[in-house]
Amino acid sequence: MENFFSILGGMGTMATESFVRLINHRVKAAKDQDYLNYVLFNHATVPDRTAYILDQTKENPVPYLVEDVKKQNLLQPNFIVLTCNTAHYFFDDLQAETTIPILHMPREAAKELVRQKTTGKVAVLATQGSILAGVYEKEIKALGFDVVIPDQELQEKVNYLIYHEIKEADRLNKELYFEILEEVVQRLACEKIILGCTELSLMQEVASDNPYPVIDAQSILADRTIEMALSARK
């Protein structure tokens with residue numbers, strides 16, 4: 001197979017399925033051959049990224065991810081897509097293991113703020129690990145935007161939605177999702193809200209009537225993936 005990319009996913013599996021569904025549905029295809037060529041690594045047993053960031057006595061996910069990258073080196077895809085937001089905390093370690101470019105989801109989402117001519121405060125909703133690691137905060141501040149990080153009360157709501165409702169119960173709690181977004185807009189007075197967790201992206205996928213100003217990082221990543229894949233075919 002030529003002109004293909006690889007997806008390093010499985011963190012979590014349902015969110016990876018959502019990403020694959022996005023790229024398949026957004027490609028303009030009239031026949032089978034119009035779709036994109038890709039290989040999916042759905043590595044569901046990678047140790048929890050947030051757990052390790054919060055407590056480094058926990059099992060380190062980096063060796064697992066590095067091994068995945070080395071296997072992808074053997075396949076030589078045009079580029080690699082890392083679909084877990086929190087795993088971008090280890091981005092430099094992973095990119096150091098390959099000459100194949102890895103798309104940087106938080107960086108691509110931050111660039112979207114510029115494209116949308118954002119002028120006000122930007123909130124980041126993500127796992128506790130991503131927030132603590134500053135995965136999004138670093139990229140957003142580098143472009144000159146004011147970043148708002150949820151306080152403990154709001155972060156606990158986000159954690160509950162991600163881990164209990166979506167990951168554990170496989171339940172897409174739209175009421176709680178909108179409650180969180182309403183609080184960000186009204187109480188925190190933010191102009192834009194970056195969804196920096198693929199479980200929140202999965203939530204957004206089913207909330208098509210969402211009236212709040214979100215920038216879905218996974219959605220942006222899907223668009224960049226399609227652009228790069230189609231460009232390689234020319």
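It should be emphasised that the depicted structure is a prediction, and the values quoted were computed from it without experimental measurement. (Residues numbered from 1 in each chain as written. Predicted model: local features only at pLDDT ≥ 70, side-chain atom pairs only at ≥ 80, totals over all residues. Heavy atoms only, no water.)

Undergrad: Is there a simple way to explain the layout of surface pockets in this structure?
TA: Once rolled over the atoms, a probe with the size of a water molecule shows which space is left empty. Approximately 170 Å³ is the volume found for the largest pocket. Lining the largest pocket are His-88, Tyr-89, Phe-91, Asp-92, His-104, Arg-107, Ala-133, Gly-134, Val-135, Lys-138 and Glu-139. Only helix H4 (91-95) and helix H7 (135-142) provide two or more residues apiece to the lining of the largest pocket. Its residues assigned to classes, the lining of the largest pocket shows four nonpolar, three polar and four charged. In terms of domain composition, the lining of the largest pocket takes at least three residues from each of domain 1 (5-104 + 220-233) and domain 2 (106-217). (1 Å grid on protein atoms, 1.4 Å probe; cavity = no way out; pocket = protein on both sides within 12 Å on 5 of 7 lines; lining within 4 Å. Points joined across faces, edges and corners; volume = space filled by probe spheres on them. Helix = DSSP H or I, 4+ residues; strand = E, 2+ residues; numbered from the N terminus. Nonpolar A, V, L, I, M, F, W, Y, C, P; charged D, E, K, R; others polar. Domains from an automatic or database assignment.)

Undergrad: How should the pairing of strand E1 (residues 5-9) be read in this particular structure?
TA: Successive residues of a regular strand alternate their side chains across the two faces of the sheet. Most of E1 sits inside the fold, with five of its five residues counted as buried. Here E1 shows two buried faces, one formed by Phe-5, Ile-7 and Gly-9 and the other by Ser-6 and Leu-8. As paired elements, E1 and strand E2 (residues 38-42) share five bridges and run parallel to each other. Each bridged residue has a counterpart across the sheet, and for Phe-5 the counterpart in E2 is Tyr-38. Regarding topology, helix H1 (residues 13-26) serves as the crossover connection from E1 to the parallel E2, and that connection is right-handed. (Buried < 20%, exposed > 50% of the residue type's maximum accessible area, 1.4 Å probe, protein only. Pairing = 2+ DSSP bridges. Right-handed = clockwise from strand over helix to strand, strands pointing away.)

Undergrad: Please clarify how the pattern of salt bridges should be interpreted in this entry.
TA: Opposite charge on two side chains permits them to pair, given that their charged atoms come into close proximity. The full count for this structure, using the stated rule, is 16 salt bridges. The partner of Lys-31 in a salt bridge is Asp-34, and the shortest N-O contact between them spans 3.1 Å. Its relative accessible area of 47% is what places Lys-31 among the partly exposed residues. Ionic pairing is found between Lys-157 and Glu-183, a salt bridge with its closest N-O pair at 3.1 Å. (Salt bridge = Lys/Arg side-chain N within 4 Å of Asp/Glu carboxyl O.)

Undergrad: Got a minute to help me understand the sheet that holds strand E4 (residues 102-103) in this structure?
TA: Within a beta sheet, neighbouring strands are joined by backbone hydrogen bonds and run either parallel or antiparallel to one another. Strands sit in the order E2-E1-E3-E4 across an open sheet of four strands; the sheet is parallel. A single partner strand is all that each edge strand has here, and the edge strands are E2 and E4. Looking at chain direction, E1 and strand E3 (residues 80-82) are connected through three bridges and run parallel. Counterpart to Ser-6 in the pairing with E3 is Ile-80.

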